[in-house]
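Observations on the model geometry
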Amino acid sequence: MVHALRKAAKSLNPGGVILEVHDLVDPPRIEIHSREGELFAGQLFSDNNFENQRHADQAIGEMIEEGSLRSDRAIVFENYIRSDTFEAFTDWLDEEWESAFIPEGTRRKVIDLIAQSGGEGEVVLRMVTRIMELTPAPHIK
């Protein structure tokens, strides 16, 4: 990641910026949204324990600390993936996020909360995402 950031910084035009976007490390929340409100069901986990996000945070931190990059702005926001059914949600996970898994207790709770909502509950994955504007130090070129 550090190598990729250095390469990106060197290839920028004068005044250019790197927009770095990734989900923060905390495991995303799985919720059921229905007329009853937003109900917490559990968290989504990953076989790699979100190592990619940790490595990205670490690389950016190292480069800012050493003075190679500067972060002038960062925005942290919640990002939602919504599914009408639990089956659609798990299908999406299987296709888009191979390392992700839902613990059995969370699966049961999702199914129970959907049933309690009369089958009208929407499955929502709530993630926290950060966008950072990074600028290279003048000596990088």
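Residues numbered from 1 in each chain as written. Predicted model: local features only at pLDDT ≥ 70, side-chain atom pairs only at ≥ 80, totals over all residues. Heavy atoms only, no water.

Here we look at helix 2 (residues 51-66)
Residue pairs spaced three or four apart in an α-helix point in one direction, given the helix's 3.6 residues per turn. The end-to-end C-alpha separation of helix 2 is 22 Å, in line with the 22 Å expected for 16 residues at 1.5 Å each. Of all the positions in helix 2, only Gln53, Ala56, Ala59, Ile60 and Met63 are classed as buried. Along the long axis of helix 2, the arc covered by the buried residues comes to 130°, so they all point the same way. Looking at the buried positions of helix 2, the neighbouring elements they touch are helix 1 (2-11), strand 1 (18-23), strand 5 (69-83) and strand 7 (122-136). Count one or two residues on from helix 2 and you reach glycine 67, which has phi positive near 90°. (Helix = DSSP H or I, 4+ residues; strand = E, 2+ residues; numbered from the N terminus. Expected span 1.5 Å × (residues − 1). Buried < 20%, exposed > 50% of the residue type's maximum accessible area, 1.4 Å probe, protein only. Arc of directions from axis to C-beta. Contact = heavy atoms within 4.5 Å.)

So, the confidence of the model for the protein chain
Taken over all residues, the pLDDT of the protein chain has a mean of 89, while the share at 70 or more is 96%. Taken element by element, the predicted model of the protein chain shows its lowest mean pLDDT in helix 1 (81) and its highest in strand 2 (residues 29-34) (97). (pLDDT = per-residue confidence, 0-100.)

Overview of the packing of helix 1 against helix 2
Two elements in contact, helix 1 and helix 2, have axes whose closest approach is 9 Å; the angle formed by their N-to-C orientations is 55°. Between helix 1 and helix 2, the crossing angle belongs to the class labelled oblique. As for the relative orientation of helix 1 and helix 2, their crossing is right-handed in sense. In this structure, helix 1 contributes Val2, Leu5 and Arg6 to the contact, and helix 2 contributes Ala59, Ile60, Glu62, Met63 and Glu66. (Axes fitted to C-alpha atoms, helices over the stretch in contact; angles between N-to-C directions. Parallel < 35°, antiparallel > 145°, perpendicular 65-115°, else oblique. Left-handed = near helix turned anticlockwise from the far one by under 90°.)

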